[in-house]
Structure formats: structure tokens, C-alpha cells
Amino acid sequence: MDAIISFFVQPFSYAFMQRGLIAAILVGIVCAVVGTFIVLRGMAFFGDALAHTILPGVAVGYLVSGGARETLFWWALGTSVVASLGISALSRNSKIKEDTAIGIIFAGMFALGIALISTVRSYAVDLSHFLFGDVLGVTSGNLWTIGIFTGFILLVVLAFYKEFLTVSFDPILATTLRMPVKLINTALLILIAITVAVAMQTVGVALMVAMLVTPAATASLLTNRLPKMMVLASIIAGASGLVGLFLSYYLSIASGAAIVLTCTVVFAVTWALKSFHSSQSRL
Amino acid sequence: MPTSGEVQVYGNKPGKHVCIAYIPQRTQVDWHFPVNVSDVVMMGRAAKMKPFSWPSHADYQAVNQALDTVELRNLAKRQISELSGGQQQRMFIARALAQEAELIMMDEPLSGLDTPSQEGVLALLETLHQKHVTVMVATHDLDQASTYFDRILLLNHRIIGFGSPKEVMTTERLLKAFGGRLKIVDANGDTVLMDDNCCHGGDD
């Protein structure tokens with residue numbers, strides 16, 4: 001019995017594991033809630049692109065501060081807000097199709113980020129932290145930032161729930177009801193941008209789209225109500241953070257990858273059970 | 001031909017009134033969106049609610065009343081993809097009622113519905129009429145237009161006729177509206193008009 005308890009408790013006797021766990025759960029929840037809108041509105045590619053686009057901003061912050069990590073969040077936040085508004089403006093006004101425009105900006109910015117980081121000698125290690133996350137390197141200062149912005153995002157979603165819902169489901173109705181549709185859409189883009197900055201350290205830019213869409217997509221298989229979908233997605237993402245950290249600790253695998261893989265397995269199992277169930281009920 | 005202008009609704013200038021409801025074509029809706037019938041009808045209340053607020057008791061009452069009017073109260077908790085075509089149409093009419101609309105605009109509301117569903121929707125439009133709600137319907141069905149509606153606006157890029165079905169539905173006007181597509185057949189002294197609307201382009 002003691003062995004079982006210590007199996008579960010022991011990893012979290014380390015302070016960095018505790019901080020990592022809190023960060024993984026908070027980031028999981030905020031990604032899941034915002035990700036629900038990303039899934040419903042078909043914005044997965046936009047979310048993926050936005051995550052990659054912040055790399056040059058993070059790289060500049062990294063070079064300016066001489067390798068210190070504390071200020072990187074603010075660089076990530078600034079870049080992602082500017083990039084989200086830039087991408088949406090460009091894809092709206094351009095003759096080029098939206099996904100093509102996103103693809104061009106996203107790859108170009110990502111390459112710029114890699115080029116900037118490659119000027120530093122310890123480039124391989126640092127780059128992998130930005131790309132795949134470093135949840136075990138979260139400081140208590142980082143944790144405060146993550147907590148405050150997670151709270152802010154959840155409050156905004158709660159306060160403007162009916163606006164986000166109406167604009168996502170039926171923009172024409174929202175217009176006839178004289179809702180500020182453009183403003184609401186912009187607010188949603190900014191929420192996604194903040195989420196990307198908050199999640200950067202935990203899962204990294206390359207894996208972030210998984211946190212944004214996989215738990216929300218899993219929840220969409222399980223319920224037909226939006227509030228339930230948000231709660232379920234949050235639970236799935238938070239639990240995946242916990243399980244992922246266990247796997248990371250005992251199997252010595254990268255923590256960001258372990259969390260994302262757990263989300264993916266949960267999705268795959270849910271999808272398989274769901275398909276099996278519906279093929280059964282059709283017989 | 002004028003290309004811009006101003007529309008007044010019940011004497012109100014643009015931007016004044018939230019009394020118009022638009023009912024989308026069924027193909028424009030994401031039916032797998034995670035909302036049930038009552039959620040969709042509640043969206044009509046969004047303009048009546050204050051910012052930062054959640055639905056009040058009065059809002060729920062308005063939703064239930066609207067659902068009673070369209071006879072969907074028993075399906076309030078259904079996911080919207082589980083509705084039949086006629087029920088989907090009635091749900092959007094309930095949303096317009098919850099919005100307290102005085103003018104409802106519908107784009108081909110009967111297309112793709114079977115006859116009983118069409119009759120259900122038409123009966124509902126009659127109920128709306130009695131509740132002093134004006135309904136504007138775009139349709140290609142000449143027979144339904146003249147049977148069920150008080151006034152007809154015949155359009156082909158410009159207004160060809162506006163008035164009661166008797167005034168508007170003359171052979172001459174219909175020929176003008178439908179051009180070569182309309183076949184006129186003389187059957188035992190009665191004139192029969194046939195609209196060949198199977199394969200026209202998207203310009204109307």
C-alpha cells in the first residue's frame with residue numbers, strides 16, 4: 001500500500017514537479033476553453049500558425065535579455081497579439097486565399113525565429129525548450145503570470161459567453177441583433193493570442209495546436225452542449241497534464257510531448273469507443 | 001438604375017430598431033454545433049439582455065412561450081441536428097419570436113420540405129399574421145404565393161408588380177418576370193402557367 005502511495009506522491013515531492021503540475025493543469029484548462037471556439041469555428045490552422053509565429057518575438061526577447069527566461073512571456077504576448085491581428089487583417093484584405101496567407105506568414109516568421117536563436121551558442125537546447133516546452137523549468141514567478149492570465153481569459157469568456165456563442169453559431173443573427181460582430185471576433189483572436197503566450201512554456205510552440213484542439217475535439221464527441229463541452233475539455237486537458245507528468249517522470253520522456261501524447265490517446269480511445277457504440281446501435 | 005438608398009422600417013431610420021428577424025436557409029447552418037433547440041431560441045434574447053448578464057427568468061419565459069407557439073416545447077432539449085426539416089424551420093421562427101421581431105424575413109423557407117412539413121410552416125405563418133407579425137418570404141412557388149399570402153412583390157431585377165395576388169398575377173406581368181422560362185398552355189379554356197425553374201442560373 002505504501003509503495004502505491006509513494007508511486008503517486010513521490011514525483012511531486014520535488015518543488016519543480018509541483019510547479020510543473022500546477023502550470024500543466026492551468027494551461028490545459030485555458031487551452032481547452034479557448035480551444036472549444038477554435039474547434040467549433042474551424043480555426044485549428046490559425047491557432048497552429050499563431051503559435052509558430054511568436055517564435056521570432058521570443059527569440060528577440062531571449063537575445064536582448066542575454067538568455068534570461070523571466071521576461072519571455074511578455075515578448076511572447078506582444079508578438080502573439082500583433083501577429084493575430086496582422087494575420088486576420090492580411091487574410092481579409094488579400095487576393096490570396098486565407099489559408100495560403102496564413103501559411104506564408106507562419107513559415108516565414110518561424111524561420112526568422114530559428115535564424116535568430118541559431119546565433120546563440122547553446123542554440124540546440126534553448127530552441128528545443130521553445131519548440132517543445134519546458135514545463136519543469138516553470139518558476140514561481142511564471143506560475144503567477146500563468147495563473148493571472150488564465151483567470152482573466154476565463155472571466156472574459158464567462159462575461160461575454162452569449163456574444164461569443166451567437167457570433168460563432170450565426171453571425172448574421174448577431175448582426176441583425178446589432179452586436180458588434182467585428183469587435184467580438186477581434187476579442188476572440190486576442191484571447192487566442194493570450195492563450196498561446198500563456199501555454200508557450202508548458203508545451204512549446206510546435207505542440208501547442210494539440211492542446212488547443214485535441215481536448216476540445218474529444219469533448220465534442222461526448223456532449224452536445226457548449227458549456228458541458230468546455231468543462232469536459234478542461235477536465236480532459238487537466239488530467240492529461242497530470243498523467244503526462246507521471247509518464248515524463250517514470251519513463252524519462254519530454255514532458256510537453258508526454259502531455260500531448262496523453263491527450264491524443266484519450267481522443268483516440270474516445271473516438272474508437274464512440275464509433276463502436278454507434279455502429280452497435282445501428283445494428 | 002439606383003444602386004444605393006435608404007430603407008425605413010415602420011418609419012424608423014436604419015440602426016434604430018431591433019425588430020427585424022432574418023431566418024437563414026437551412027444549408028447555411030452548422031447543424032452539429034453543440035446547442036439544443038432552447039439554446040438557439042435563447043440567442044434571440046441576446047439583444048434584450050444586458051452586457052455581462054446571463055438569461056433571467058423572463059428570458060426563459062419568453063423562450064418557452066415562443067416554443068409553445070411553434071409547438072416545439074417537447075423538443076426543447078434536443079440537439080439541433082436531430083430535428084426534421086420542418087422542425088428546424090419552426091425553431092428559427094421561435095427564435096424570431098423570442099427576439100420580439102415585428103418583421104420576419106425568410107429565404108425559401110419551404111424548399112426541401114415534404115408536404116406535411118410545408119403545411120405546418122404555412123399554418124404557423126398564419127398564426128404569426130394573427131399576432132401582428134409581418135412575414136416577408138422569398139419563394140419561387142407561384143401557387144403557394146397566391147394562396148397563402150396577402151400581398152405579392154414580383155421581382156426580376158426590378159419591381160414588376162406589388163399588390164394582392166389577383167392584381168399581380170396577370171399573364172402579362174408573369175411573362176415579364178419569368179421571361180422565356182414561363183410556358184403558357186391553353187387547357188380547355190383555362191390558362192395554365194408553367195414555370196420551368198429546374199435549371200436556371202444563380203442570378204435571381
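Please read all numbers here as calculations on a predicted model, not as lab measurements.

Bringing the overall build of chain B into the picture now. A count of helices and strands for chain B gives seven helices and seven strands. Ordered by position from the N terminus, the helices and strands of chain B form the series β-α-α-α-β-α-β-α-β-β-α-α-β-β. Residues counted as buried form 26% of the 204 residues belonging to chain B. Within chain B, residue pairs in contact and separated by at least 24 positions form 56% of the contacts whose partners lie at least 6 positions apart.

Glancing now at the overall build of chain A. The helix and strand inventory of chain A stands at 13 helices and zero strands. Computed over its C-alpha atoms, the radius of gyration of chain A comes to 19 Å, within 12% of the 19 Å expected for a compact globule of 283 residues. Structurally, chain A occupies a C-alpha span of about 60 × 55 × 35 Å along its principal axes. The 283 residues of chain A split such that 46% are buried. A sequence separation of at least 24 residues applies to 75% of the contacts in chain A between residues at least 6 apart.

All names here are of chain B. Relative orientation of the contacting elements helix 3 (residues 85-98) and helix 4 (residues 115-130) amounts to 15°, with a least axis distance of 9 Å. As summarised for this structure, helix 3 and helix 4 are arranged roughly parallel, according to the angle between their axes. The element helix 3 and its partner helix 4 pack so that their crossing is right-handed. Contacts from G85, G86, Q89, R90 and I93 of helix 3 reach helix 4 at S117, G120, V121 and L124. By residue class, the composition of the contact of helix 3 with helix 4 is three nonpolar, five polar and one charged.

This next bit is on the interface of chain B and chain A. Counting residues at the interface gives 15 residues for chain B and 18 residues for chain A. Broken down by element, the side of chain B that touches chain A gets its largest block of residues, three residues, from strand 1 (residues 20-23) of chain B. The residue makeup of the side of chain B that touches chain A, split by class, is 13 nonpolar, two polar and no charged.

Attention now moves to the sheet that holds strand 1 of chain B. Residue and element names in this part refer to chain B. Ordered in space as 1-2-3, the three strands form an open sheet in which the pairing is parallel. Every interior strand has two partners, whereas the edge strands, strand 1 and strand 3 (134-138), have only one. For this sheet the average axis-to-axis angle between neighbouring strands, irrespective of direction, equals 15°.

Next up on the list: the packing of helix 9 (residues 161-169) of chain A against helix 11 (residues 181-222) of chain A. Residue and element names in this part refer to chain A. Where helix 9 meets helix 11, the closest approach of the two axes is 10 Å, and the angle between their N-to-C directions is 105°. Taken as axis vectors, helix 9 and helix 11 run roughly perpendicular relative to one another. Mapping the contact onto sequence places E163, F164 and V167 in helix 9 and V181, I184, N185 and L188 in helix 11.

This next bit is on the environment of B:P165. All names here are of chain B. Following the sequence through the fold, P165 ends up in helix 6 (residues 165-168). Here P165 falls in the partly exposed class, since 15 other C-beta atoms lie within 10 Å of it. Sequence separation between P165 and R151 is 14 residues, and the spatial gap between their C-alpha atoms is 6.1 Å. Residues contacting P165, with those up to four places away along its chain left out, are S146 and I152.

A few words now on the confidence of the model for chain B. The predicted coordinates should not be examined in detail at positions where pLDDT is low. Model confidence for chain B is summarised by a mean pLDDT of 82, while 84% of its residues fall at 70 or above. Note that pLDDT drops below 50 for residues 199-204 of chain B; the model gives that stretch one contact with residues more than four away or on any other chain.

Here the focus is the pairing of strand 2 (residues 103-107) of chain B. All names here are of chain B. Residues I104 and M106 point to one face of strand 2 and are all buried, whereas L103, M105 and D107, pointing to the other face, are not buried. Pairing of strand 1 with strand 2 involves four bridges; the strand directions are parallel. Along strand 2, the bridge assignment pairs A21 with I104. Direction of pairing for strand 2 relative to strand 3: parallel, over a ladder of five bridges. Residue M106 lies in a different strand from strand 3, and its bridge partner there is V137.

What follows covers the environment of A:L40. You can see A:L40 is positioned in helix 2 (residues 15-40). Excluding anything up to four places from it in sequence, A:L40 contacts A:S168 and B:F33.

A separate point is helix 9 of chain A. Buried residues dominate helix 9 of chain A, accounting for eight of its nine residues. Among all positions in helix 9 of chain A, only A:K162, A:E163, A:F164, A:L165, A:T166, A:V167, A:S168 and A:F169 are buried.

At A:S252, a position not held by glycine, the phi torsion is positive, near 50°. Note that A:S252 resides in the loop between helix 12 (226-251) and helix 13 (255-282). Of note, B:H132 is a non-glycine position whose phi angle comes to about 60°, a positive value. Tracing the backbone shows B:H132 in the loop between helix 4 and strand 3. We classify B:H132 as exposed; it has 7 C-beta atoms within 10 Å.

Analysis parameters
- Residues numbered from 1 in each chain as written.
- Chains lettered and ligands numbered in written order.
- Predicted model: local features only at pLDDT ≥ 70, side-chain atom pairs only at ≥ 80, totals over all residues.
- Helix = DSSP H or I, 4+ residues; strand = E, 2+ residues; numbered from the N terminus.
- Buried ≥ 20, exposed ≤ 12 C-beta atoms within 10 Å, placed from the backbone.
- Contact = placed C-beta atoms within 7 Å.
- Rg over C-alpha atoms; globule rule 2.2 N^0.38 Å.
- Axes fitted to C-alpha atoms, helices over the stretch in contact; angles between N-to-C directions.
- Parallel < 35°, antiparallel > 145°, perpendicular 65-115°, else oblique.
- Left-handed = near helix turned anticlockwise from the far one by under 90°.
- Nonpolar A, V, L, I, M, F, W, Y, C, P; charged D, E, K, R; others polar.
- Pairing = 2+ DSSP bridges.
- pLDDT = per-residue confidence, 0-100.

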